[in-house]
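These are the residues of each chain, in order.
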Amino acid sequence: MTRRSTSPQKPRKVPVVRTVAALRRAMTRLRAKGATVALVPTMGALHAGHLSLVRLAQRRARRVVVSIFVNPSQFAPNEDFSSYPRTWNDDVSALSALKVDLVWAPSVREMYPDGFAARIEPGGAAKAGLEDAFRPHFFGGVATVVAKLLLQVGPDVAVFGEKDFQQLKVVTAMARDLDIPAKIIGAPTVREKDGLALSSRNAYLSQGERAAAPTLYRVLKDCAAHIKGGRPIVDALAVGRAQIERVGFAIDYLEARHAETLAPIASPKDGPMRLLVAAKIGRTRLIDNIAV
Ligand code: AMP
């Protein structure tokens, strides 16, 4: 008979490793008897979106490793590296409750020791003129740290959110181009009831900004419906941009792109289409995207 997990006991605290050497020892143990491994890379400040990635990882592999590392090399000097939310105790509790097998939480020095001088410069989707146009630093930093995480952990699969759609494409191409033998899996975006995509940065929003924020998703949905209904893409996007600006956002982009290459696309007949948006309200920059 299998034991029901109804006991009120606190879950076992997830083991945490902080050095590459300790990680390698832990991975050897986790891999015993050929168990498959999934990696979920995060920057901590975990919310239900991150936890849905963990659950997907648990369906795809026997063992799940979650990395928590706020990666300085993907933040520009004027960005929010030092103020990025850090909620270590809550993160460890949430991952323990989900029975995650290991947390990989290196220090900045462990990841980038003195003399560290390598950097991956991704092309292709990383130069699509979306996030890269506004955060030129970003994908080099992401590709480099994700390559390191994949090589350190050596997972069979790694799970990334569609919420960061361009990032998902960049990481998928990077792993393929560098022959890193991990399958990259995309996971659907988890949203608040009013449609706002969960994000660690939502914590920065004032009450008024929070009330305006669901406009992004509403406009994406309206644009997708109009485009599917035959409205010219440029018209649908122009109306959408005006609606987003009306509630107080400054738009970086609202674009229709090919869902695989992220190249501009003239019609939904030319391939799967994705709408992507980035906009700032107050000091907070939000991104979102949906399929058409
Ligand atoms: P972050 O810690 O923000 O870098 O995110 C870690 C991972 O969680 C990335 O793969 C994100 O795309 C993913 N993620 C962030 N927000 C969400 C969300 N609302 N739904 C699903 N995945 C998400």
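All values derive from a computational prediction rather than experimental measurement.

**A few points about the nonpolar core**
Formed by 46 residues in total, the largest nonpolar core has its most connected members in Val65 and Leu150. Ranked by residues supplied to this core, first place goes to helix 6 (residues 138-153) with 10 residues. Residue contacts for Val65: discarding those within four places in its chain leaves Met27, Leu30, Val37, Ala38, Leu39, Val40, Leu102, Trp104 and Val153.

**Some words on the sheet that holds strand 1 (residues 16-17)**
The strand order 1-4-3-2-5-6 describes an open sheet built from 6 strands, whose pairing is parallel. Every other strand in the sheet has two partners, leaving strand 1 and strand 6 (183-187) as the edge strands with one partner each. Alignment of strand 2 (residues 37-42) against strand 5 (residues 157-161), held across 2 bridges, turns out to be parallel. Counted as the bridge partner of Ala38 is Val157 from strand 5. The strands touched by helix 6 within the sheet are strand 2, strand 3 (63-68), strand 4 (102-104), strand 5 and strand 6, with strand 2 carrying the most contacts at an inclination of about 150°. Its contacts with the sheet place helix 7 (residues 165-177) against strand 5 and strand 6, and it is angled at close to 170° to strand 6.

**Some points on the pattern of salt bridges**
Counted according to the given criterion, the structure contains 14 salt bridges. For the salt bridge of Arg31 with Asp156, the shortest nitrogen-to-oxygen distance reads 2.9 Å. Of the two residues, Arg31 sits in the loop between helix 1 (20-30) and strand 2 while Asp156 sits in the loop between helix 6 and strand 5, which places them 125 residues apart along the sequence.

**Things to note about the packing of helix 6 against helix 7**
With their axes 10 Å apart at the nearest point, helix 6 and helix 7 run at an angle of 50° to one another. The angle between helix 6 and helix 7 places the two elements in the oblique class. Seen along the crossing, helix 6 lies across helix 7 with a hand that is right-handed. On helix 7, the residues that touch Phe138, Phe139, Val142, Ala143, Val146, Ala147 and Leu150 of helix 6 are Gln166, Gln167, Val170, Val171, Met174 and Ala175. Looking at side-chain class alone, the contact of helix 6 with helix 7 contains 11 nonpolar, 2 polar and no charged residues.

**Here we look at the side chain of Gln74**
Here Gln74 lies in the loop between strand 3 and helix 3 (88-97). A polar contact of 2.9 Å, which involves the side chain of Gln74, links it to the side chain of Asn71. What Gln74 contacts, discounting residues up to four positions off in sequence, is Met43, Glu79, Arg135, Phe138, Gly141, Val142 and Val145.

**Details of the packing of aromatic side chains**
With the rule as written, the count across this model stands at 6 aromatic pairs. Centre to centre, the rings of Phe134 and Tyr253 are 6.0 Å apart; their planes meet at 35°, and the pair counts as tilted. Of the two residues, Phe134 sits in helix 5 (residues 131-134) while Tyr253 sits in strand 7 (residues 250-258), which places them 119 residues apart along the sequence. One Lys or Arg, Arg135, reaches over the ring of Phe138 and ends 4.2 Å from the middle of that ring. In this structure, Arg283 packs its charged tip against the face of Tyr204, placed 4.7 Å from the ring centre.

**A word on the packing of helix 1 against helix 6**
Two elements in contact, helix 1 and helix 6, have axes separated by 9 Å at closest approach and are oriented at 45°. When the axis of helix 1 is compared with that of helix 6, the two are oblique. Judged by residue contacts, Val20, Leu23, Arg24 and Met27 of helix 1 engage Leu151, Gln152 and Val153 from helix 6. A class-by-class count of the residues in the contact of helix 1 with helix 6 yields 5 nonpolar, 1 polar and 1 charged.

**Examining the pairing of strand 8 (residues 273-281)**
Burial within strand 8 is extensive, with 8 of its 9 residues counted as buried. Where strand 7 lies against strand 8, 8 bridges are found, and the strand directions are antiparallel. For Ala250, the partnering residue across the bridge sits in strand 8 and is Lys280.

Parameters and conventions
- Sequence order as written defines the numbering, with residues in each chain counted from 1.
- Side-chain atom pairs in this predicted model are given and counted only at pLDDT of 80 or more, local residue features only at pLDDT of at least 70, and totals for whole chains, interfaces and linings cover all residues.
- Side-chain numbers here rest on the full set of heavy atoms in the structure, without hydrogens or water.
- Grouping buried Ala, Val, Leu, Ile, Met, Phe, Trp, Tyr and Cys residues that are joined through side-chain atoms within 4.5 Å yields what is termed a nonpolar core.
- Classification of residues uses two cut-offs on accessible area relative to the type maximum, computed with a 1.4 Å probe and protein chains only: under 20% is buried, over 50% is exposed, and between them is partly exposed.
- We count a stretch as a helix when DSSP gives it H or I for four or more residues in a row; a strand needs E for two or more, and each element gets its number in order from the N terminus.
- Every residue pair with non-hydrogen atoms within 4.5 Å of one another is taken to be in contact.
- Two strands pair if DSSP finds at least two bridges between them.
- Working convention: axes come from line fits to C-alpha atoms, limited for helices to the stretch in contact. Angles between N-to-C directions cover 0 to 180 degrees.
- What counts as a salt bridge is simple: a side-chain nitrogen of Lys or Arg found within 4 Å of a carboxyl oxygen of Asp or Glu.
- Roughly parallel covers angles under 35 degrees, roughly antiparallel covers those over 145, roughly perpendicular covers 65 to 115, and oblique covers all other angles.
- In this scheme, a crossing is called left-handed if the near helix is turned counterclockwise away from the far one by less than a right angle; it is called right-handed if the turn is clockwise.
- Under the grouping applied here, Gly and all other residues not named as nonpolar or charged are polar, the nonpolar ones being Ala, Val, Leu, Ile, Met, Phe, Trp, Tyr, Cys and Pro and the charged ones Asp, Glu, Lys and Arg.
- Polar contacts here mean pairs of N or O atoms no more than 3.5 Å apart (in protein, one a potential hydrogen donor and the other a potential acceptor; neighbouring residues in sequence count only if both atoms are side-chain atoms).
- Only Phe, Tyr and Trp rings take part, Trp by its six-membered ring, and two of them pair if their centres are within 6.5 Å. Stacked means planes under 30 degrees apart, edge-to-face means over 60, and tilted covers everything else.
- Two conditions define a charge located above a ring, namely a distance within 6 Å from the ring centre to NZ of Lys or CZ of Arg, and an angle within 35 degrees of the ring normal.

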